[in-house]
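Each chain is listed here by its residues.
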Amino acid sequence: MGSFSNKHKIGILGGGQLGKMLLTITQKWDIYTKVMDPSLLAPARIACNIFIQGDLMDYDSVIEFGKDVDILTIEIENVNTEALAFLEMQGVKVYPQSSVLKTIQNKCRQKEFYKKNFIPTATFCLFKTKAALIDALACRKISFPFVWKSESMGYDGFGVKIINSNKDLKGVNEGACMAEDLVNIDKEIGVIICRSPKGETVCYPCVEMEFHPTANQVEYVLSPARISPEISEKAKEIALKVSDAFQHVGILAVEIFLTSEGELLINEVAPRPHNSGHYSIEASYTSQFEQHIRSILDLPLGNTQNKLAGVMVNLVGKEGHTGPVNYKNIEHILAFEGVNPHIYGKKETRPFRKMGHITIVNKDLALARKTAEQVKKTIEVISE
Ligand code: ADP
């Protein structure tokens, strides 16, 4: 197989932690890699053959980077899709394809895609401007409460807001947006599906995102999800339908709401390895990173079953701490059973910045969940 031992070049746009974890596989299989990231301190830099500093949204930089690779993939969605479309025409295999990225980069376009493909999603109304949304409220085309979502990719929670009254609209930006029905969420579920260039698919067991009771942050990702086999099958069917509709190649992480009424609604997708699949590194037969590399190289897809139950805890920077990072008490958590820390290698911590994650594996999900709680109580990401 030509991909191994440096015969093929894989280019990765983005050099964050997802890129670094993808590179553990290319290193294992001796596959030649090139990575581009705007930051010289990118975590993936230490594990690739060639590192290029460059702007992922810049047309010329992406073309220059991609023109001598055989396969181009991403670890972040915010990349120049026009450049990717050009590279595709030149014969570079771009996975996920530029068309997939173009659809998902825009939340409104993504929602329209679900509607067009009859994939169940919360009801929504699109608006070209904030003023148009306010007009729709005035003439009662929409009403409070609803969820405002900005068309362009949100960051640090600025792209999504629950709107209960006119007052809540004050802080939101002026641009194109949608008003989405506020869903009564019982559980947030994730399904990771992987599709090969031939159209074969494999699906991981559903995971469950457990939120902090007060702060609106995912605290734990549990695999498998604590849901009935019927709900689990239905969620996988939705993931398969979405995967078929996109015809993507590579990993697709599908976020689904299970409503209090027992309905399943798709929220959004990410066509790349995802935080909700990190547990797979230790808990699955094939990690999401290996699966992604297998699929973009058109190799047989791997077993997605769990060897053990897994609970993942994100290591985020503690509030009030900015500066060179220190992982306080990491030596203590290493003494707990089944604990696997991943430190991304970012030099500086900031409040809530994702600095690493920890996966706890156990035969018994409830025991892994208990240890995860202990881990969370013990370790602190602070500045020195
Ligand atoms: P982002 O792309 O910034 O992660 P999401 O669309 O995933 O934004 O929304 C973030 C969170 O907001 C979701 O995980 C969910 O908890 C909540 N949320 C999003 N849409 C709705 C909705 N229609 N109803 C209720 N809660 C929602």
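Scroll up to find the structure.
Below, the structure is looked at part by part.

Calculation notes
- Residues numbered from 1 in each chain as written.
- Predicted model: local features only at pLDDT ≥ 70, side-chain atom pairs only at ≥ 80, totals over all residues.
- Heavy atoms only, no water.
- Phe/Tyr/Trp six-rings, centres within 6.5 Å; stacked < 30°, edge-to-face > 60°.
- Buried < 20%, exposed > 50% of the residue type's maximum accessible area, 1.4 Å probe, protein only.
- Lys NZ or Arg CZ within 6 Å of the ring centre and 35° of its normal.
- Pairing = 2+ DSSP bridges.
- Helix = DSSP H or I, 4+ residues; strand = E, 2+ residues; numbered from the N terminus.
- Near = heavy atom within 4 Å.
- Polar contact = N/O pair within 3.5 Å; in protein donor to acceptor, adjacent residues only side chain to side chain.
- Areas by Shrake-Rupley, 256 points an atom, 1.4 Å probe, with all protein chains shown as cover.
- Nonpolar A, V, L, I, M, F, W, Y, C, P; charged D, E, K, R; others polar.
- Arc of directions from axis to C-beta.
- Contact = heavy atoms within 4.5 Å.
- Axes fitted to C-alpha atoms, helices over the stretch in contact; angles between N-to-C directions.
- Parallel < 35°, antiparallel > 145°, perpendicular 65-115°, else oblique.
- Left-handed = near helix turned anticlockwise from the far one by under 90°.
- Salt bridge = Lys/Arg side-chain N within 4 Å of Asp/Glu carboxyl O.

With that settled, the discussion passes to the packing of aromatic side chains. Applying the stated rule across the entire model yields three aromatic pairs. With 6.2 Å between their ring centres and 75° between their planes, Phe113 and Tyr114 make a pair best called edge-to-face. Pair check on accessibility: Phe113 and Tyr114 agree, each one buried. Ring centres of Phe144 and Phe146 lie 6.0 Å apart, and the angle between their planes is 10°; on these two criteria the pair is classed as stacked. Phe146 gets classed as buried once you look at its relative accessible area, which sits at 3%. Joined through ring pairs, the aromatic side chains of Phe113, Tyr114 and Phe246 make up one cluster. Positioned over the ring face of Phe65 is Lys34, at 4.8 Å from the centre of the ring. Taking NZ or CZ as reference, Lys115 lies 5.7 Å from the ring centre of Phe124, over its face.

To continue, consider the sheet that holds strand β19 (residues 348-349). Spatial ordering of the open sheet is given by β19-β17-β21, a layout of three strands whose pairing is antiparallel. Each end of this open sheet is capped by a strand with a single partner; those strands are β19 and β21 (380-383). For strand β17 (residues 323-328) and β19, the ladder comprises two bridges, and the chain directions are antiparallel. Residue Gly323 lies in a different strand from β19, and its bridge partner there is Thr349.

Time to look at the site of the ligand. What surrounds the ligand is a group of 15 residues, the closest being Lys107, Glu180, Asp181, Val183 and Glu188. Side-chain polar atom of Lys107 to an oxygen atom of the ligand: 2.8 Å apart, as the coordinates give it. Between the ligand and Lys149 there is a distance of 3.0 Å, counted from a nitrogen atom to a side-chain nitrogen or oxygen. About the coverage of the ligand: the protein hides 78% of its 550 Å² of free accessible area. When residues of the shell around the ligand are traced back to their parent elements, those giving at least two are β7 (146-150), β9 (177-181), β10 (185-195), β14 (250-259) and β15 (264-270). Here the shell around the ligand is composed, by residue class, of seven nonpolar, one polar and seven charged.

Here the focus is helix α3 (residues 81-89). Of the positions making up α3, those classed as buried are Thr81, Ala83, Leu84 and Leu87. Down the axis of α3, the sector holding all buried residues measures 150°, keeping them to one side. Check the buried side of α3 and you find it contacts β1 (9-13), α2 (59-66), β4 (71-74), β5 (93-94) and α4 (98-105). For α3, the N-terminal capping position is held by Asn80, with its side-chain oxygen 3.0 Å away from the main-chain nitrogen of Glu82. Note on α3: the residue one or two positions beyond its end, Gly91, has a positive phi of about 100°.

The relative placement of two packed helices is expressed as an angle between their axes plus a distance between the axes. Contact geometry of α3 with α4 gives a least axis separation of 9 Å together with a crossing angle of 165°. Comparing their axes, α4 and α3 come out roughly antiparallel. Classified by chirality, the crossing of α4 by α3 is left-handed. Between α3 and α4, the contacting residues are Thr81, Glu82, Leu84, Ala85 and Glu88 on the first element and Ser98, Leu101, Lys102 and Gln105 on the second. Of the residues that constitute the contact of α3 with α4, the class distribution is three nonpolar, three polar and three charged.

Between helix α1 (residues 17-28) and helix α9 (residues 288-296), whose axes approach to 9 Å, the crossing angle comes to 65°. By the angle between their axes, α1 is roughly perpendicular relative to α9. In the crossing of α1 with α9, the sense of the turn from one axis to the other is right-handed. In contact with Leu18, Met21, Leu22, Ile25, Thr26 and Lys28 of α1, α9 contributes Phe289, Glu290, His292 and Ile293. In the contact of α1 with α9, the residues fall into six nonpolar, two polar and two charged.

Turning our eyes to something else, we now look at the sheet that holds strand β8 (residues 160-163). Judged by pairing direction, the sheet is antiparallel, and its four strands sit side by side in the order β6-β9-β7-β8 without closing on themselves. What marks the edges here is a single partner per strand, and that holds for β6 (124-127) and β8. Put simply, the sheet's adjacent strands are angled 20° from each other on average, direction ignored. Alignment of β7 against β9, held across five bridges, turns out to be antiparallel. Bridging from a neighbouring strand, Phe146 pairs with Asp181 of β9.

The final tally for this structure, using the stated rule, is 19 salt bridges. One salt bridge in this structure joins Glu208 and Arg226, with 2.8 Å as the shortest N-O distance. A residue pair is termed long-range when its members are at least 10 positions apart, and Glu208 in strand β12 (residues 207-211) and Arg226 in the loop between β13 (218-223) and α7 (229-246) qualify at 18 residues. Judged by relative accessible area, which is 3%, Glu208 ranks as buried. Classification of Arg226 as partly exposed rests on a relative accessible area of 42%. The partner of Glu219 in a salt bridge is Lys376, with the nearest N and O atoms 3.8 Å apart. Taken together, the residues span a long stretch of sequence, with Glu219 in strand β13 and Lys376 in helix α11 (residues 365-378) at a distance of 157 residues. One salt-bridge network, in which partners are shared between bridges, spans Lys187, Glu208, Glu210, Arg226, Arg369 and Glu373.

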